[in-house]
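As a plain string of letters, each chain reads:
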Amino acid sequence: MYGVNRGSTQPTRALRLAAPLLFFLLLPGCKRPPSTTEQRVDPRLASSISTALTSPSPMVGSLPLRSPVSLTRVYKARGNRPGWIAGTCPSARAVELIRALMAAGDHGLRPSDYPVVEINALQDEARLEGCKEGRWPLTRAADMELLLSDAMLLFATHLASGRLHQEDLTPRRAASPGGPAEAALARILGGGRLVEQLSDIPPRAAGYASLVGTNRILRDAAAQGGWPTIPEGEELRMGAQGPRVAALGQRLRAAGFPVSAGKTTYGRAVEVAVEAFQERAGLEMTGVVDAETLARLNSPVDEHLDRIALNLERWRWLPQDLGPLVVLVNIPGQRVRLLSRGSEALI
C-alpha cells in the first residue's frame, strides 16, 4: 500500500513516480482522442444526412422514408454522424444488418417489407463505383445510411409489437417516436452490438424462441422442396412395422425431430416424436398416427409455416412481461400449462 513515511513529510518514491501521471490525468480540458470511426467521418456526409432529413418529405430515390420522425431524432442527437458507413463505404455492421433483414423470415416476418432489394442494389453500386477509393458520391452513401436505419426501425418495430396492428389487422408501417425501435437504433449506432440489441427486442418467452427454431427448420425443408409424404393406410402406433413407418421417420426428421434414419419399426423414439408433433400442431397427444395426425403430417410445409407465422405474431401482441404466473391453454389438445417466471410449474 502506498503512503507517506510517518517519520518524514516527503512522499514515498512510489508517490513521486506517480505524481506526473496524476498531474496529466487532472489537467483541465484534457479530452479523449477521437476514435478511428469518428476520425473517418466526412463532414460532407453528415451534411448530406442532415439535408435529406430536413426536406419536407424525406426520401431515398423514389422510396419515402417510413419513420422520418424517429430518424431525425436519432441523428440529431448524434450530430448527423453515420453509423453504417465507414469512410464512404458500407461497414461490416451494415452487412450484418442486411443479413438480419434477409433472415426476418425466421420470425415469420417478410424481408420484402424492408427495402432489401434497394439496399443490396446500393451495396453493389458502392462496390462497383469504388467506394474505397472515394469515387462513390457522398449523397449515395447518405442514402445507404438512411435506408439502413429506416429498415432497421421498421424491423425492430415488427419484432417488438408485431407486423400487424392487433385491433384492425392493418400493417404497421412505421416506428413510434420514442419507442423501443428508436432506442435500439440509437444504441446500435452508438456502438452497441447489433445482434445483442436485436435479440432483446422480440418476446423473451421460451415458447416464442421455440417457434423461431422450428420455423428455421421448416424454412430449410421448404427450400429443399418440402418433405416426404406418408402413404395412406391403417393407424400407426407402437410396434407397427414396414415402409410406412420408415416414411414417417423421414417426415419427422425433416421437421427437426430426432428420429434415426432407416427405422422400419415404430419404437418409443418414434412415439415420442409423434407426441411432440401433435403438441406442436395442437392435437391430442396420443402418440398414435390416426387420420387427423396423418393429414397434418402430409399437409404442405407452407401451411405449417403460415400457422407458425401467425402464432409468432400473436406472441408479439402480448406484453413483454406476462407476470409471475401464466396459464397457457391448448384448446385442441385439451392441455393446460402453468408457467411460473417462464418455467413450467406443476399443477
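That block above? That's the structure.
This one's a predicted model, so the numbers in the text were calculated from it and none came from an experiment.

I'm lost on unusual backbone geometry in this one. Help?
Most peptide bonds adopt trans geometry, and most residues besides glycine take a negative phi value. Despite not being glycine, Asn 80 shows a phi value in the positive range, around 60°. The buried category is assigned to Asn 80, whose relative accessible area is 17%. Despite not being glycine, Leu 169 has its phi angle at roughly 60°, a positive value. Along the chain, Leu 169 turns up in the loop between α7 (138–161) and α8 (180–189).

Help me understand the state of the cysteines, please; the structure alone is not making it clear to me.
One way to say it: the disulfide is the covalent bond shared by the sulfur atoms of two cysteines. Evaluated as defined, the whole model comprises one disulfide. At a sulfur-sulfur separation of 2.2 Å, the disulfide partner of Cys 89 is Cys 131. Since a negative S-S torsion denotes a left-handed disulfide, the Cys 89-Cys 131 link at about 110° is right-handed. Of the two residues, Cys 89 is situated in strand β4 (residues 89–90) and Cys 131 in the loop between α6 (116–128) and α7; the sequence distance between them amounts to 42 residues. Overall, the relative accessible area of 9% leaves Cys 131 in the buried class.

Got a minute to help me understand the packing of aromatic side chains in this structure?
Two aromatic rings are characterised by how far apart their centres lie and by the angle between their planes. Applying the stated criterion across every chain, the model contains two aromatic pairs. Here the aromatic rings of Phe 257 and Phe 277 are separated by 6.5 Å at their centres, their planes lie at 75°, and the arrangement is edge-to-face. Here Phe 257, found in the loop between α11 (243–254) and α12 (268–281), pairs with Phe 277, found in helix α12; they are 20 residues apart in sequence, far enough to count as distant. You can call Phe 257 buried: its relative accessible area is 9%. Positioned above the aromatic ring of Trp 227 is the side chain of Arg 251, whose terminal nitrogen or guanidinium carbon lies 3.4 Å from the ring centre.

Rules and cut-offs
Residues numbered from 1 in each chain as written. Predicted model: local features only at pLDDT ≥ 70, side-chain atom pairs only at ≥ 80, totals over all residues. Heavy atoms only, no water. Buried < 20%, exposed > 50% of the residue type's maximum accessible area, 1.4 Å probe, protein only. Helix = DSSP H or I, 4+ residues; strand = E, 2+ residues; numbered from the N terminus. Disulfide = S-S within 2.5 Å. Phe/Tyr/Trp six-rings, centres within 6.5 Å; stacked < 30°, edge-to-face > 60°. Lys NZ or Arg CZ within 6 Å of the ring centre and 35° of its normal.

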